[in-house]
There are 2 protein chains.
Amino acid sequence: MERIEHHASFDGWQDVYQHESTTLGCTMKVGVYLPPQAQHGKVPVLYWLSGLTCTEQNFITKAAVQRYAAEHGIAVVAPDSSARGEGVADDPAYDLGQGAGFYVNATQEPWAANHRMYDYVVQELPALIEAHFPVTAERSISGHSMGGHGALVIALRNPGRYRSVSAFSPIVAPTQVPWGHKAFEAYLGSDREVWKQYDTVELIRTVQERLPLLVDQGLGDEFLESQLQPDLLRKACDETGHPLTLNLRPGYDHSYYFIASFIGEHMAHHASALKR
Amino acid sequence: MERIEHHASFDGWQDVYQHESTTLGCTMKVGVYLPPQAQHGKVPVLYWLSGLTCTEQNFITKAAVQRYAAEHGIAVVAPDSSARGEGVADDPAYDLGQGAGFYVNATQEPWAANHRMYDYVVQELPALIEAHFPVTAERSISGHSMGGHGALVIALRNPGRYRSVSAFSPIVAPTQVPWGHKAFEAYLGSDREVWKQYDTVELIRTVQERLPLLVDQGLGDEFLESQLQPDLLRKACDETGHPLTLNLRPGYDHSYYFIASFIGEHMAHHASALKR
């Protein structure tokens, strides 16, 4: 882990590290916020997964999370949203390849060599973080849009691994919307049964652990009807009795202004779970 | 005033407008945050002046000001940091021309036609804002680095026009540091007496109004010794009895992480003055 940025922030430190990822076969950058409490002992960790086109910079510069992380004593780890770099398979479109890993393990060429964000987020990244920083193994996870999808899928598929999960504007049913169709066809092939392991609405129907979901969705979101469809999540949770808090926010769009407005509520939710 | 961005933020609206500036002879972009209180009546305004290379975007996306503006019921107006566009005089360097107006009225060619940010901020911008938005004529002003210089100079030279002033990492003595030497020589010519009207440390020695100054400065700032030198401001205020709160913050650098960490304290300072 090589530190490449170091900024004082709310009495803690907003840093950026890079490391050679064995899972992804490339150099990865990761934002790490260490709250002031980390100077005196171990703190729990919130993992944040960003959306399409984002790097490790978007969340740490625009979401205003550090104030709440410092208040609650939570480290925040925000990796780049996909494998990236010269040798990594890419596509000219913004919604495929670099910046668009969709938090899956790709099985199809040319993606399979590098695009393995599922394993990176579940295994390699927390192992690294827990080895290099003053943090406990108490974890929460959240994210935005493609990253909200990633956070929900990863929490649901790994019972006991996360104390809490939340999402902003998540792609809850990628098997039913254009972004998911395009990415899953490319990364996973044409067998739609295989896609279901990365679809929140499908997973809700099979999981045993009833980890409560906190989801915020702006009603002014330009992708609401075409790509996000939170009603599919509500319906799946209603039918299975899965606990869901779905906050529909009039006027709010898909931007970081939306995330910044409600990240404080999400951090309070995670803090409450992490302190139990 | 044409609205080109519109985002819900903390129950208010973070917008961006553009307009043809008669003072600057170009199209100007301006960030305008209207807090929720503006839906029911007029609110006072904080003007924010950004630093070198910044556009109207930096402060509104990275400073996390909206939460505090909404709490206190203050509109926040953040213009681009200089005249800009194809017909506007520029220089390849980051610290001259577009993005580097230094909040002066240039008198030298080729700058004099467009680089008149002093008049724009003092006259044209507030007149526009007060004509088009539900705001009062109660004004405060703040800024960062070159914009901190601008805020201090403009407040000191216009007694009664601002209820309060503050600055982050301001260039307090441009007549004594390289950034100021280069810009003032280009914009104002070689007569150093002329420069003094745009130098906070010089102005402190002449002003009658004793508007208190709130200044935050990071001690890990990479420009501290070469360009900022807050001790010059402290000395001038000590010698003249001008009220100054100078917060020196160990570890903090010149970035927006510093601004975000203390913008809440500055907004409380301005709110207290605006509510009097």
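Residues numbered from 1 in each chain as written. Chains lettered and ligands numbered in written order. Predicted model: local features only at pLDDT ≥ 70, side-chain atom pairs only at ≥ 80, totals over all residues. Heavy atoms only, no water.

Rotating chain B by 180° and moving it 0.0 Å along the rotation axis overlays it on chain A with an RMSD of 0.0 Å. Expressed as an axis order, the relation between the two copies is that of a two-fold axis. The share of interface residues of chain B whose copies in chain A are also at the interface is 100%, consistent with both copies meeting through the same surface. (Least-squares fit on C-alpha atoms with pLDDT ≥ 70 in both. Contact = heavy atoms within 4.5 Å.)

Right, let's talk about the environment of Pro178 of chain A for a bit. Residues and elements named next belong to chain A. Mapped onto the fold, Pro178 is located in helix H5 (residues 178–188). Through-space distance from the C-alpha of Pro178 to that of Ser226 is 7.6 Å; in sequence the pair is 48 residues apart. Leave out the neighbours within four places in its chain, and Pro178 touches Ser226 and Gln227. (Helix = DSSP H or I, 4+ residues; strand = E, 2+ residues; numbered from the N terminus.)

What follows is about the UniProt feature "active site" (unreviewed entry) in chain A. All names here are of chain A. Listed under "active site" (unreviewed entry) in the UniProt record, and renumbered for this structure, are Ser145, Asp221 and His254. What stands out for the annotated residues spanning 110 residues is how close their C-alpha atoms remain, the widest pair being 10.8 Å apart. Structurally, Asp221 is set in the loop between strand S8 (213–218) and helix H8 (224–228). Using a relative accessible area of 6% as the deciding quantity, one classes Asp221 as buried. Once residues within four sequence positions are removed from consideration, Asp221 is found in contact with Ser169, Leu228, Tyr252, Asp253 and His254. Summarising the element assignment, His254 is placed in the loop between strand S9 (244–249) and helix H10 (256–274). Exposure remark for His254: the relative accessible area of 10% places this residue in the buried category. (UniProt positions renumbered as here; feature names shortened; annotations may be inferred. Buried < 20%, exposed > 50% of the residue type's maximum accessible area, 1.4 Å probe, protein only.)

Now for the packing of aromatic side chains. Considering all chains together, one arrives at 26 aromatic pairs over all chains under this definition. With centroids separated by 6.4 Å and ring planes inclined at 80°, the aromatic side chains of Phe102 of chain A and Phe184 of chain A adopt a geometry described as edge-to-face. Here Phe184 of chain A lies in helix H5 and Phe102 of chain A lies in the loop between strand S5 (75–79) and helix H3 (117–132), a separation of 82 residues in the sequence. With relative accessibility at 0%, the residue Phe184 of chain A sits in the buried group. When the ring of Tyr252 of chain B is compared with that of Phe262 of chain B, the centres are 4.9 Å apart and the planes differ by 70°; the resulting orientation is edge-to-face. Linking Tyr252 of chain B in the loop between strand S9 (244–249) and helix H10 (256–274) with Phe262 of chain B in helix H10, this pair joins segments that are 10 residues apart in sequence. The same class applies to Tyr252 of chain B as to Phe262 of chain B, namely buried. In this structure, Arg157 of chain A packs its charged tip against the face of Tyr118 of chain A, placed 4.3 Å from the ring centre. (Phe/Tyr/Trp six-rings, centres within 6.5 Å; stacked < 30°, edge-to-face > 60°. Lys NZ or Arg CZ within 6 Å of the ring centre and 35° of its normal.)

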